[in-house]
Protein chains: 2
Amino acid sequence: MDISDRKKRILRAIVESYVETAEPVGSKAICSDLGLSSATIRNEMAELTALGLLEQPHTSAGRVPSSKGYRVYVNELMHDRTLSAQETFELNNALRQRITKLDSLLADAGRLVADFTHYPVYALTAGSSGMKIRRFDFILVDRNTLIVVIMLDNDQVKNKLLHFPAGIDEALVRKLSTVFNSGFTGLESSEMTHELVSACETACGDSEGIVASVAGFAIAALDEAAPRQAYLSGAASILEHPEYRDPDKAQRILAYLSDDTKLMTLPAPDESGEVKILIGPENVAEELSDSSVVVASYDLGGDVKGLLGVVGPTRMDYANISAHLSYLARELRIFLGGAGTLPQLGSGPPGPDEK
Amino acid sequence: MDISDRKKRILRAIVESYVETAEPVGSKAICSDLGLSSATIRNEMAELTALGLLEQPHTSAGRVPSSKGYRVYVNELMHDRTLSAQETFELNNALRQRITKLDSLLADAGRLVADFTHYPVYALTAGSSGMKIRRFDFILVDRNTLIVVIMLDNDQVKNKLLHFPAGIDEALVRKLSTVFNSGFTGLESSEMTHELVSACETACGDSEGIVASVAGFAIAALDEAAPRQAYLSGAASILEHPEYRDPDKAQRILAYLSDDTKLMTLPAPDESGEVKILIGPENVAEELSDSSVVVASYDLGGDVKGLLGVVGPTRMDYANISAHLSYLARELRIFLGGAGTLPQLGSGPPGPDEK
DNA sequence: TTTAGCACTCGGAGATGTCGAGTGCTAATA
DNA sequence: TATTAGCACTCGACATCTCCGAGTGCTAAA
């Protein structure tokens, strides 16, 4: 985009004023900041409008940035906003207070961003498949009750209590342990076929479906270790913005955001830690065509990745939001102990269990 | 409330018409249903207004039920709406599809109600304290890694992976098992004092903080077994109702509903399985003073109780919503296997206890 | 006791008028 | 040549006004 330096300064001033006030920006409003007369600015504005970077709601209203204008602003003109010491302090404090369990790490982070930015925020966990089981343990509680404990590749531990009316004895438990630890470890859930289960059943002499129950749990545990879950925070904030004062419009977008399956289809940044900005019509979803999305991705340890997306009007404070998301990405990585795997943090409870 | 039968019929007609149309009800609108002339109804309406059961937005608009009017309607006039076969079928279907994990049982039920009623629904788990540990098990993974498995009073199982740089051997694990199973079972978390931990440390000859870690996990597990969590579904639906077309109003109530701590303070029905209705100013919370809440409570097995609350304008279809909530209460009880404890249901995917 | 009729009230929708912010264009100026 | 001041013009926002009709309360007749 080869436009004069002065045009860029004017475009930036318009974007920033409009982001702040939500009112179309007139030539007078910014002439003092730029040291030019309003007439000059009017001429420049007319040219920017011709280039498609600005729009006029109607003759003789001020100018408003077009989607293209925002795009230029984001790509070239946006000041790198770094958070103030005050802000990082507050963010850090809030982060430390909230994040106690890994289960809800992303959801909590989302709520945090929503609180700070006053935009709705969605959080997605995007687990990768390929998880495997490292080890099975069995605890015989009584003749009818068995606890199965599974340790996954990434040190996650899952358990399940099973009841068997037929009764179980120590010998069977030992057999189960041998069979599962040799036959089911190192497999992905797709590899745990029906044949495999049948083979194990005969090996254990099990006709009560015990093997099948355990295998079912194993598969479920693997699938659940990499879930795709969606959370939404700060939905109410959307109504704060004049763009969504029309209840119909607000409702449409809220309904969209409340629909997990739709959120799952939203694009992710190309690289973890990056921030991706989608402006207005750049969004594929019809419902978002006059809104913008700023989305960042986080490594959550292991193969699990998380997405955090801020949704708002195209008149969004892109610089501010990018800054928050980037900062959070950094902090979360520190929180997670560098390259650490999941369970190391996962401790509400005290204790020296951190490596 | 001793009013004539005819007045009751008129009041009921007004409430039901207003619930449906959201427009003030004129005398003509209901005269055909009641077989009376509009003039007669006008006279009766005037008296009902004097009694404080109806209100007039302004002279020569129709009448609108007052909060008191709704109260009379709910207490005395409401038809016992029973769901149609079609409706129960759909509800049941949806229930069976969604509810796969106990973790989110309530949240799922809430989403279900939200979908069916088109009102926002909050779900609260209201765990009771007093949970105890029945049994400890320890699995030694390798010299530095120990899995602790705790079985709670209500058959919930929790586990945690602990790392100890100093190293552990079989003998120590056996000692731990003895000490914890004799010393820590049957206690509430408040009874697990520092002294007790110290005593056990000396008993085990542990100077590495292993006992302290395990005890810490035990306390956390107990606290977490009875969490107070809040979920909100269907927030967007509130904008469908004309009462909340004013974005400010909608935002105020949405913000209220998004605030977990505030939801926690909402009242619960006196008995499990009952439905409680709070109309307009009967709500203590300022933000809800012109809204109504219909709330039901459910036994979720063990000592854990759940609340499901539907929030909407005072012009709410109380009969319909009560019916849905009651039906769901019955169904959930069946789902949970009568008086059964939690895990018996969980025979699909894994239990509510992973970390 | 119920009903029909009638004058009255008041909110809502539409039409009209005014105001002012902002524009484009032109001519003067550095 | 680039910038600026001035001016006529446009058009939305807002206030005012009018009119319409739904719904009321009251009265008199059935």
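This structure is a prediction, so every number in the text was calculated from the model and none was measured.

Chemist: Is there a simple way to think about the protein's contact with DNA strand D in this case?
Modeler: Lining the immediate surroundings of DNA strand D are 17 residues, of which R6, T40 and T59 of chain A together with S27 and R63 of chain B lie closest. Of all atoms in DNA strand D that approach within 4 Å of the protein, 77% are sugar or phosphate atoms. Between DNA strand D and the protein, one listed contact pairs a phosphate oxygen with a side-chain N or O atom of T40 of chain A at 2.5 Å. One nitrogen or oxygen atom from the side chain of R63 of chain B is found 2.9 Å from a phosphate oxygen belonging to DNA strand D. Among the secondary structure elements, those contributing two or more residues to the surface near DNA strand D are α3 (38-50) of chain A together with α3 (38-50) of chain B.

Chemist: Is there a simple way to think about the side chain of S292 of chain B in this case?
Modeler: Residues and elements named next belong to chain B. Assignment of secondary structure puts S292 in strand β9 (residues 291-299). Separated by 3.5 Å, the side chain of S292 and the backbone oxygen of L278 make a polar contact. Here the side chain of S292 touches Y318 through a polar contact of 2.8 Å, side chain to side chain. The residues contacting S292, other than those within four sequence positions of it, are L278, I279, G280, N283, V310, V311, G312, P313, T314, M316 and Y318.

Chemist: Mind showing me how you'd approach the nonpolar core here?
Modeler: What tends to happen in soluble globular proteins is that the nonpolar side chains get buried as a cluster. Residue and element names in this part refer to chain A. Grouped together as the largest cluster of nonpolar side chains are 55 residues, with contacts concentrated most on I30, Y298, L308, V310, Y318, L325 and L328. No other element matches the 10 residues that helix α12 (residues 318-335) contributes to this core. Each of two domains, domain 1 (5-77) and domain 2 (85-128 + 228-337), supplies a minimum of three residues to this core.

Chemist: Would you mind going over the pattern of salt bridges with me for this structure?
Modeler: Two side chains of opposite charge can pair, provided their charged atoms sit close to one another. One pass over the full model with this rule turns up 26 salt bridges over all chains. When the shortest N-O distance is used, the salt bridge between R81 of chain A and E87 of chain A registers 2.9 Å. Close ionic contact of K262 of chain B with E287 of chain B constitutes a salt bridge, the shortest N to O distance being 3.6 Å. Of this pair, K262 of chain B sits in helix α11 (residues 260-264) while E287 of chain B sits in the loop between β8 (275-278) and β9; the two residues are 25 residues apart in sequence, bridging distant segments of the chain. In the salt-bridge network here, residues are joined through shared partners; they are R6, K7, E44 and E47 of chain A.

Chemist: Which parts of the structure should I look at to understand the protein's contact with DNA strand C?
Modeler: Taken together, 17 residues sit near DNA strand C, with S27 of chain A together with R6, T40, H58 and T59 of chain B positioned nearest. Measuring from a sugar or linking oxygen of DNA strand C, one finds a backbone N or O atom of A61 of chain A at 3.5 Å. In this structure, S60 of chain B approaches DNA strand C through a side-chain N or O atom, which is 3.1 Å from a base oxygen. At the level of elements, α3 of chain A together with α3 of chain B are the ones that each hand at least two residues to the surface near DNA strand C. Looking at the surface near DNA strand C, the element that brings in the most residues is α3 of chain B, giving 4 residues. Classifying every residue of the surface near DNA strand C by side-chain character gives 3 nonpolar, 10 polar and 4 charged.

Chemist: Can you help me understand the pairing of strand β3 (residues 121-126) of chain A in this one?
Modeler: All names here are of chain A. The buried fraction of β3 amounts to 5 of the 6 residues, a majority that puts the element mostly inside the structure. Two elements, β3 and strand β7 (residues 230-233), share 4 bridges in a ladder whose sense is antiparallel. Counted as the bridge partner of L124 is A230 from β7. Alignment of β3 against strand β10 (residues 305-313), held across 6 bridges, turns out to be antiparallel. Note on β10: the bridge partner recorded for L124 is L307.

Chemist: Just checking my understanding: could you explain the domain arrangement of chain A for this structure?
Modeler: When the parts of a complex come together, some accessible area is lost, and that lost area is often taken as the interface size. Domain boundaries assigned for chain A yield domain 1 (5-77), domain 2 (85-128 + 228-337) and domain 3 (133-224). For domain 2 of chain A versus domain 3 of chain A, the separation of C-alpha centres amounts to 39 Å.

Chemist: Help me understand the pairing of β9 of chain B in this model?
Modeler: As a general feature of sheets, a regular strand has side chains that alternate between the two faces. Residue and element names in this part refer to chain B. The element β9 is largely enclosed, with a buried count of 8 among its 9 residues. Direction of pairing for β8 relative to β9: antiparallel, over a ladder of 4 bridges. Pairing of I277 across the sheet is with V294, part of β9. With 9 bridges joining them, β9 and strand β10 (residues 305-313) adopt antiparallel strand pairing. The partner of Y298 across the bridge, within β10, is G306.

Chemist: Help me understand the environment of Y231 of chain B in this model?
Modeler: Residues and elements named next belong to chain B. Following the sequence through the fold, Y231 ends up in strand β7 (residues 228-233). Sequence separation of Y231 and A123 is 108 residues, and the distance between their C-alpha atoms is 5.1 Å. One polar contact links Y231 to Q229, side chain to side chain, over a distance of 3.3 Å.

Chemist: Before we go on, may I ask you to explain the sheet that holds β9 of chain B in this structure?
Modeler: Neighbouring strands of a sheet are bound in pairs by backbone hydrogen bonds; such pairs are parallel or else antiparallel. Residue and element names in this part refer to chain B. Ordered in space as β7-β3-β10-β9-β8, the 5 strands form an open sheet in which the pairing is antiparallel. Two strands bound the open sheet, and with one partner strand each, they are β7 and β8. Averaged over neighbouring strand pairs, the angle between their axes works out to 15 degrees when direction is ignored.

Chemist: Whenever I open this one, the sheet that holds strand β8 (residues 275-279) of chain A confuses me. Can you help?
Modeler: Residue and element names in this part refer to chain A. Here 5 strands make up an open sheet; going across it, the order is β7-β3-β10-β9-β8 and the pairing antiparallel. Two strands lie at the open edges of the sheet, namely β7 and β8, each paired on one side alone. Mean inter-strand twist for the sheet, computed between neighbouring axes without regard to direction, equals 20 degrees. Relative to the sheet, α12 contacts β8, β9 (291-299) and β10, its axis offset from that of β9 by approximately 15 degrees.

Chemist: I keep staring at the packing of aromatic side chains and nothing clicks. Help me out?
Modeler: Here the distance between the centres and the angle between the planes together describe a pair of aromatic rings. Tallied over the entire structure, the rule returns 12 aromatic pairs over all chains. For the ring pair Y70 of chain B and Y318 of chain B, a centre distance of 5.8 Å and an interplane angle of 65 degrees mean the geometry is edge-to-face. Remark: Y318 of chain B occurs in helix α12 (residues 318-335) and Y70 of chain B occurs in helix α4 (residues 67-77); sequence separation between them is 248 residues. For the pair Y70 of chain B and Y318 of chain B, one class covers both residues: buried. Taken together, the ring pairs in this structure connect F136, F138, F180 and F184 of chain A into an aromatic cluster. The side chain of K249 of chain B reaches across the aromatic face of Y244 of chain B, ending 5.6 Å from its centre.

Cut-offs applied
- Residues numbered from 1 in each chain as written.
- Chains lettered and ligands numbered in written order.
- Predicted model: local features only at pLDDT ≥ 70, side-chain atom pairs only at ≥ 80, totals over all residues.
- Heavy atoms only, no water.
- Near = heavy atom within 4 Å.
- Polar contact = N/O pair within 3.5 Å; in protein donor to acceptor, adjacent residues only side chain to side chain.
- Helix = DSSP H or I, 4+ residues; strand = E, 2+ residues; numbered from the N terminus.
- Contact = heavy atoms within 4.5 Å.
- Core = buried A, V, L, I, M, F, W, Y, C linked by side-chain atoms within 4.5 Å.
- Buried < 20%, exposed > 50% of the residue type's maximum accessible area, 1.4 Å probe, protein only.
- Domains from an automatic or database assignment.
- Salt bridge = Lys/Arg side-chain N within 4 Å of Asp/Glu carboxyl O.
- Nonpolar A, V, L, I, M, F, W, Y, C, P; charged D, E, K, R; others polar.
- Pairing = 2+ DSSP bridges.
- Axes fitted to C-alpha atoms, helices over the stretch in contact; angles between N-to-C directions.
- Phe/Tyr/Trp six-rings, centres within 6.5 Å; stacked < 30°, edge-to-face > 60°.
- Lys NZ or Arg CZ within 6 Å of the ring centre and 35° of its normal.

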